[in-house]
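Chain by chain, the residues:
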Amino acid sequence: MAHVNELKTALNEEARNVCPPPELKSKVMSQFTQKRNRGMKRYVAAFLIALIIIPTSAFAYQSLLADGLYGSFANVKKHVTSATLEGYMTFDAKLSEAKGEMDKEEYEKFRGSLSVLTDAKLKYGDPFGNINYDLMPKEEKEKIRVNSFVLQPYFDKLNGDVPSKELLSSYEYKLFIDALMTYETILAKAEIDTSKGPVEIEKLPVEYQEQFKLTQEFIHSVYQLQEEQRQ
Amino acid sequence: MDTKTEFEELIRRTRSGSKHAYGELYEETVKDVYQTVHFLLDDKSDVDDVVQEIYVEVLRNLHRFNNDKPFQPWLKGIAIKQISAYRRRRWISFRNYQKMSQQPSEIEGDFSPQVVEGLLNKQLVQLVEQLPFKLRQVIILRYLNEHSQEEVAAILKIPVGTVKSRVHTALKKLRKQEELGNIFFGKVENI
């Protein structure tokens, strides 16, 4: 049938230009090593941009490493009305812990990445510390995104979780970071005060509800995976 | 290579932990897999990731592979499963929505005089890419990968009769689309 031959030719011609990039092999091969080492287990994930808002009662005065990133608590307070001193101190405590656990070079790298995030929070964050990434210049957004890939493993570590990067495939990990950013964007758009406990979907404007639900489901599934790994 | 014995050997060595064998297995198969994924995914920027996923699954399931059966269709079955899983992830839709709303398409038509024939091929491929996923699947497996109807049935886990009818429907649709296109061009020429 002439038509079938035409079709075959067209597909094959087009396929000639479709070749796997050479770097894909090294990615695939690295999985071979990982899989063998970990006995094929599924991964976990976690996160925490909400690191800043973790509630806790234990706080002790330290050298206030957090000041180096945010300026001071007063500065945070000026931008983020829902910020609490407690949350700030927790953040500081987490930083001290990080400093204790990492060598100097690694800590500097971590801090460098973190300051990109905290700068953005101060510059673009709403009164509750959430950023509407849609309003950000595209380059800035991409910077934060790339930065989050780097930061996430540190956050996971500080939260005592198995690094999400190891638990998810690179594809899923990318989706996860995107989901987190979307989640925050919706909260910012809807002007939700995230310091007041869990977000109730019904309270969001109707147009955001469906998207929010999907995003939330995905993030939760990742958390759950992480939870399972911990047990 | 024939494949069957050579694949058997590579699979055996991969199973016993040879990274090198796995690398060869990858080299032998990746082009075909990559092209299949390319044609079945709407968002080409995700092709690399999905292919990577496929090879993770291959590694994970290799111990289940039955040596009496041909390897390529088995591999293609995994590929299709992963592609479908990718499509199923419900929230992908909102992600695409986001992408679409944020980034105006960066793909520009290539009108360099690479020419008419190339252009026609492209149009045909575009028509294939506009087919519903189920139809596109059979067309790609059948006419790009050149799997037999029986193999396609095994890969998709559907009866051969269904494969036949899908191929038929797909070709009919393509023809119809093409005719529509020709009429359009015809009119333009007549002016």
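Because the structure is predicted, anything quoted here is derived from the model rather than measured.

Participant: Residue-level account of the overall build of chain B, with values.
Facilitator: Secondary structure assignment for chain B yields nine helices and zero strands. The order of α-helices and β-strands along chain B, N terminus first, is α-α-α-α-α-α-α-α-α. Burial analysis of chain B (191 residues in total) assigns 46% to the buried set. Considering only contacts within chain B whose residues lie at least 6 apart along the sequence, 62% involve residues at least 24 apart. Total accessible area computed for chain B in this model is approximately 10,600 Å², and 53% of it derives from carbon and sulfur atoms.

Participant: Help me get a handle on the environment of Lys174 of chain A, residues and values and all.
Facilitator: The topology assignment puts Lys174 of chain A in helix H9 (residues 170-189). On the accessibility criterion, Lys174 of chain A (26% relative accessible area) is partly exposed. As for Lys174 of chain A and Arg145 of chain A, which are separated by 29 residues in sequence, their C-alpha atoms are 9.1 Å apart. Not counting residues within four places of it along the chain, the set of residues in contact with Lys174 of chain A comprises Arg145 and Phe149 of chain A together with Asp49 of chain B.

Participant: Tell me about helix H3 (residues 47-61) of chain B, and name the residues and values.
Facilitator: Between its terminal C-alpha atoms H3 of chain B stretches 21 Å, which fits the 21 Å expected from 15 residues at 1.5 Å a residue. The element H3 of chain B is largely enclosed, with a buried count of 14 among its 15 residues.

Participant: Please give an account of the pattern of salt bridges that cites residues and values.
Facilitator: For the coordinates displayed, the defined rule picks out 12 salt bridges over all chains. Here Lys122 of chain B ties to Glu14 of chain A by a salt bridge, and the two come within 3.8 Å at their closest N and O atoms. Here Glu14 of chain A lies in helix H1 (residues 2-16) and Lys122 of chain B lies in helix H6 (residues 116-130), a pairing that spans two chains. Overall, the relative accessible area of 19% leaves Glu14 of chain A in the buried class. The shortest N-O distance in the salt bridge between Lys25 of chain A and Glu27 of chain B comes to 3.1 Å. With one member in each of two chains, Lys25 of chain A in helix H2 (residues 22-38) and Glu27 of chain B in helix H2 (residues 19-40) form a pair that bridges those chains. Where salt bridges share partners, they join Glu142, Arg145 and Asp178 of chain A into one cluster.

Participant: I'd love a proper account of the interface of chain B and chain A, names of residues and values included.
Facilitator: Each partner contributes residues to the interface: chain B has 49 residues there, and chain A has 46 residues. Summed over the shared surface of chain B and chain A, the number is three salt bridges. Taken together, the links from chain B to chain A amount to six residue pairs in polar contact (both at pLDDT 80 or more). If you list the elements that add at least two residues to the side of chain B that touches chain A, you get H2, H3, helix H5 (92-102), H6, helix H7 (133-144) and helix H9 (160-190) of chain B.

Participant: Account for the side chain of Arg145 of chain A, naming residues and giving values.
Facilitator: Residue and element names in this part refer to chain A. Counting through the fold element by element, Arg145 comes out in helix H7 (residues 138-158). Residue Arg145 is classed as buried on the basis of its relative accessible area of 17%. Once residues within four sequence positions are removed from consideration, Arg145 is found in contact with Lys174, Ile177, Asp178 and Met181.

Participant: Explain unusual backbone geometry to me, using residue names and the numbers behind them.
Facilitator: Residue and element names in this part refer to chain B. For Glu146, which is not glycine, the phi dihedral falls at a positive 55°. Its location among the elements puts Glu146 in the loop between H7 and helix H8 (149-156). Backbone geometry at Lys157 places phi at a positive 55°, although glycine is not the residue there. Relative to the helices and strands, Lys157 resides in the loop between H8 and H9.

Participant: If you had to explain the packing of aromatic side chains to someone new, which residues and values would you point to?
Facilitator: Residues and elements named next belong to chain B. Scanning the model with the defined rule gives eight aromatic pairs over all chains in all. Their ring planes at 65° and their centres at 5.0 Å tell us that Tyr26 and Tyr55 sit as a pair that is edge-to-face. A residue pair is termed long-range when its members are at least 10 positions apart, and Tyr26 in helix H2 and Tyr55 in helix H3 qualify at 29 residues. Through a chain of ring-to-ring contacts, three or more aromatic side chains come together here, namely Phe7, Phe65, Phe71 and Trp74. For the cation-ring pair, Arg87 lies above Phe133, with the distance from its terminal atom to the ring centre recorded as 3.8 Å.

Participant: Mind laying out the confidence of the model for chain B, listing which residues take part and the relevant values?
Facilitator: Detailed reading of predicted coordinates is not advised where the pLDDT is low. Residues and elements named next belong to chain B. When the pLDDT values of chain B are averaged, the result is 80; 76% of them are 70 or greater. At the level of individual helices and strands, chain B shows its lowest average pLDDT in H5, which scores 57, and its highest in H8, which scores 93. Note on residues 104-114: pLDDT is under 50 here. Beyond four places in sequence and across chains, it has two contacts. Segment residues 183-191 is flagged for pLDDT under 50; beyond a separation of four residues in sequence, or across chains, it makes one contact in the model.

Participant: Before we move on, can you summarise the packing of H2 of chain B against helix H4 (residues 71-88) of chain B with the specific residues and values?
Facilitator: Residues and elements named next belong to chain B. Packing of H2 against H4 leaves a shortest axis separation of 10 Å and a crossing angle of 40°. Between H2 and H4, the interaxial angle falls into the category oblique. Of the two possible hands of crossing, H2 and H4 adopt the one that is right-handed. In contact with Leu25, Thr29, Asp32, Val33, Thr36, Val37 and Leu40 of H2, H4 contributes Phe71, Gln72, Leu75, Lys76, Ile80, Ile83 and Arg87.

Basis of the calculations
- Residues numbered from 1 in each chain as written.
- Chains lettered and ligands numbered in written order.
- Predicted model: local features only at pLDDT ≥ 70, side-chain atom pairs only at ≥ 80, totals over all residues.
- Heavy atoms only, no water.
- Helix = DSSP H or I, 4+ residues; strand = E, 2+ residues; numbered from the N terminus.
- Buried < 20%, exposed > 50% of the residue type's maximum accessible area, 1.4 Å probe, protein only.
- Contact = heavy atoms within 4.5 Å.
- Areas by Shrake-Rupley, 256 points an atom, 1.4 Å probe, with all protein chains shown as cover.
- Expected span 1.5 Å × (residues − 1).
- Salt bridge = Lys/Arg side-chain N within 4 Å of Asp/Glu carboxyl O.
- Polar contact = N/O pair within 3.5 Å; in protein donor to acceptor, adjacent residues only side chain to side chain.
- Phe/Tyr/Trp six-rings, centres within 6.5 Å; stacked < 30°, edge-to-face > 60°.
- Lys NZ or Arg CZ within 6 Å of the ring centre and 35° of its normal.
- pLDDT = per-residue confidence, 0-100.
- Axes fitted to C-alpha atoms, helices over the stretch in contact; angles between N-to-C directions.
- Parallel < 35°, antiparallel > 145°, perpendicular 65-115°, else oblique.
- Left-handed = near helix turned anticlockwise from the far one by under 90°.

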